[in-house]
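# Chains, contacts and geometry: an overview
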Amino acid sequence: MNTESVDRILIIDFGSQFTQLIARRLRELNAYCEIFPYHKVTTELLQKMLPKAIIMSGGPASATQATAPRPPREIYDLGVPVLAICYGQQIMTVDLGGEVQSGAAESGARTSEFGRAFVDQQQPLDLLTGWFTGGQEQVWMSHGDHVSKLPQNFNVYSYSANAPFAVIADPARKFYGVQFHPEVHHTPKGNKLYENFLKIANIEQNWTMTAYRQQAIQQIREQVGQKRVICGLSGGIDSAVVAVLAHHAVGDQLTCIFVDHGLLRQGEAEEVVSVFQEHLKLPLVFAEEPHLFLNSLEGESDPETKRKIIGKRFIEVFQKYASNIEQVAFLAQGTLYPDVIESVSATGGPSETIKSHHNVGGLPDELGLELVEPLRELFKDEVRALGRELGLPEQLIRRHPFPGPGLAIRCPGAFSRSKLDILRRADAIYIDQIKRHGLYDEIWQAFVAILPVRTVGVMGDGRTYDYACVLRAVTSVDGMTADYYPFSHDFLSETATRIINEVSGINRVTYDITSKPPGTIEWE
Ligand code: XMP
């Protein structure tokens, strides 16, 4: 499919953690959209893109401030439908002559809402067709400010206890503002709202993953030209998809580099080399550099420093191996949206840093290579769909995700080679147990972390003073939110017994029952 011929939706990003979820909902509805940070939405962009509808995201700023980020005024004169979410709703209100207040209302009542809330219908609205069939509807709110006075020609269509203007609209101009987030799973009818918006905007829903693949290949071809590309493989699905896409795009201008940083799981290096060389038949350089990484990590306990060290070493290794390949100008990598959003907003807008994911952090300018990141806007399950589209082996597609910094971020506290060895053996047993019990495909990701604490135990008749470890297993759709997996007690006790019996150095096993949020999936 040629992207010139599809109906385009412009998403204006104000730095919400959920902006990509909006895009994802639209892709699920087979609609084509592009995200731009608010400051990149220029007249030229609007003329080039000719959006058929506009969505404004939420964001951390306050519309009550004079310096609040805003869209260009001309978006309101294009004659296209606008859906404005949370901060988007508030800034649209201010732009069109209404008012927004921070914190407490004049009555002294608190008007912020975080988390689950319930909205009631005030009057019917095309955007909410299919809602309110059983009375109140559940939505997900995350706002401190609220709309306090409507712009001219706007009306209220729905309200919640703390948001009297939960849904506002000027139906004649097709401008809609919602205070809640219809893109998150906790707004169960959110998809219906997007579906209604697509109908209102008369958007043809003909966008598919096949089209995404073609577009990604085309974009790589245009970006790379006649130059050479190197691609960092991690053994996981993301970098494999990037490598195959790049190979389709530029053939033997591509060289894949697989770095063994000494932080891989048991047997992983051999497995990766065989899949890429024998199955996928991609040109591969195997860079065995464990000492470089392990020496610089020894004794380090700060999670961010560990990530930065690994990122830095990766670059050095890449530089070393790339210097043997003539005319390399590009580095292709499998950065996904969750890696990006937790480091900085994907589109360059403002969002909070949670972790410096190694494939986005530590990339010094002197690297001298331009990045090719065709998965930057996708979620894990979408990458799996793309992998199937590209014909990758099912075993690779189903593999649990594994983080770039590897086992180093599963050794909280001071890093040491001896702890790493213990961890690697325990992890192999845990994964073996999960496979033996037929649970591997039900679980999104499972691993062991070794704790920075030794505890007293008794084995045989002797005292032990060994490490405790934690088992982690989560279910998730996209890695953005996750629940712990409810293993049976029998499974947990059998696994704990095996680990303690078979791994010297561990005498206590615990199970992590934290969801995300408030935890993250990895421990660091
Ligand atoms: P968290 O721990 O942030 O992890 O909830 C979400 C998902 O991302 C993986 N992860 C990473 N992947 N580079 C990666 O390629 C990284 O630096 C990184 N850190 C976390 C994590 O394993 C989980 O699947």
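Our structure's up above, just so we're on the same page.
No experiment lies behind these values; they were computed from the predicted model shown. (Residues numbered from 1 in each chain as written. Predicted model: local features only at pLDDT ≥ 70, side-chain atom pairs only at ≥ 80, totals over all residues. Heavy atoms only, no water.)

## Topic: the packing of aromatic side chains
What counts, and what does not: The pairing test for Phe, Tyr and Trp rings, Trp by its six-membered ring, is centres within 6.5 Å, and the orientation test on the planes gives stacked under 30 degrees, edge-to-face over 60, and tilted for anything in between. Every helix listed is a DSSP run of H or I at least four residues long, and every strand listed is a run of E at least two residues long, numbered separately from the N terminus. Buried, partly exposed and exposed residues are distinguished by accessible area as a fraction of the type maximum, computed with a 1.4 Å probe on protein chains only: under 20%, between the cut-offs, and over 50%, respectively. To sit over a ring, a charge needs its Lys NZ or Arg CZ within 6 Å of the ring centre and within 35 degrees of the ring normal.
Per the counting criterion, the structure on display carries 15 aromatic pairs. Look at Tyr-176 and Phe-197: their rings are 6.5 Å apart centre to centre, the planes differ by 85 degrees, and that puts the pair in the edge-to-face class. Of this pair, Tyr-176 sits in strand β11 (residues 175–178) while Phe-197 sits in helix α4 (residues 190–200); the two residues are 21 residues apart in sequence, bridging distant segments of the chain. Phe-197 carries the same exposure label as Tyr-176, and that label is buried. These aromatic residues form a ring-pair network of at least three members: Tyr-430, Tyr-484, Tyr-485, Phe-487, Phe-491 and Tyr-511. Taking NZ or CZ as reference, Arg-410 lies 3.8 Å from the ring centre of Phe-447, over its face. The aromatic ring of Tyr-467 is capped on one face by Arg-454, whose charged end is 5.7 Å from the ring centroid.

## Quick notes on the sheet that holds strand β12 (residues 228–233)
The line we're drawing: DSSP calls a pair of strands paired once it identifies at least 2 bridges connecting them. Throughout, an axis means a line fitted to C-alpha atoms (over the contacting stretch in the case of helices), and angles, computed between N-to-C directions, take values from 0 to 180 degrees.
Overall, parallel pairing links the five strands, which are arranged β14-β13-β12-β15-β16 in an open sheet. The open sheet has two edge strands with one neighbour each: β14 (284–288) and β16 (370–372). Strand-to-strand twist in this sheet, taken as the mean axis angle between neighbours without regard to direction, amounts to 30 degrees. As paired elements, strand β13 (residues 254–260) and β14 share five bridges and run parallel to each other. Across the sheet, Phe-258 pairs through a bridge with Phe-286, a residue of β14.

## Section: the pairing of strand β17 (residues 445–459)
Bridge analysis of β17 against strand β18 (residues 462–475) gives twelve bridges, and the strand direction is antiparallel. Pairing of Gly-457 across the sheet is with Thr-464, part of β18. Counting the residues between successive antiparallel strands, the hairpin from β17 to β18 contains two residues, one of them, Gly-460, with a positive phi of roughly 65 degrees.

## Details of the pattern of salt bridges
Put simply, the rule reads: Here a salt bridge means any side-chain nitrogen of Lys or Arg lying within 4 Å of a carboxyl oxygen belonging to Asp or Glu.
Taken as a whole and assessed by the stated rule, the structure comprises 32 salt bridges. Between Glu-373 and Arg-376 there is a salt bridge, with its nearest N and O atoms 2.7 Å apart. For Glu-373, a relative accessible area of 15% translates into the label buried. As a salt-bridge pair, Glu-394 and Arg-388 come within 2.7 Å of each other at their nearest N and O atoms. Residue classification places Arg-388 among the partly exposed residues on the basis of a relative accessible area of 44%. By sharing partners, the salt bridges in this structure join Arg-24, Arg-25, Glu-28 and Asp-381 into a single network.

## Overview of the environment of Phe-330
Checked against the element boundaries, Phe-330 lands in strand β15 (residues 328–332). When its relative accessible area of 5% is taken as the criterion, Phe-330 is described as buried. For Phe-330 and Gln-138, which are 192 residues apart along the polypeptide, the C-alpha to C-alpha distance reads 46 Å.

## With respect to the side chain of Thr-19
The line we're drawing: Definition of a polar contact: a pair of N or O atoms within 3.5 Å, with one able to donate and the other able to accept a hydrogen when the atoms are protein atoms, and with sequence-neighbouring residues admitted only if both atoms are side-chain atoms. Throughout, a residue-residue contact means that at least one pair of heavy atoms, one from each residue, lies within 4.5 Å.
On the secondary structure map, Thr-19 appears in helix α1 (residues 19–28). Judged by its relative accessible area of 1%, Thr-19 is buried. Polar contacts involving the side chain of Thr-19 include one to the side chain of Asp-13, which spans 2.7 Å. The residues contacting Thr-19, other than those within four sequence positions of it, are Ile-11, Asp-13, Ile-35, Ser-57 and Tyr-337.

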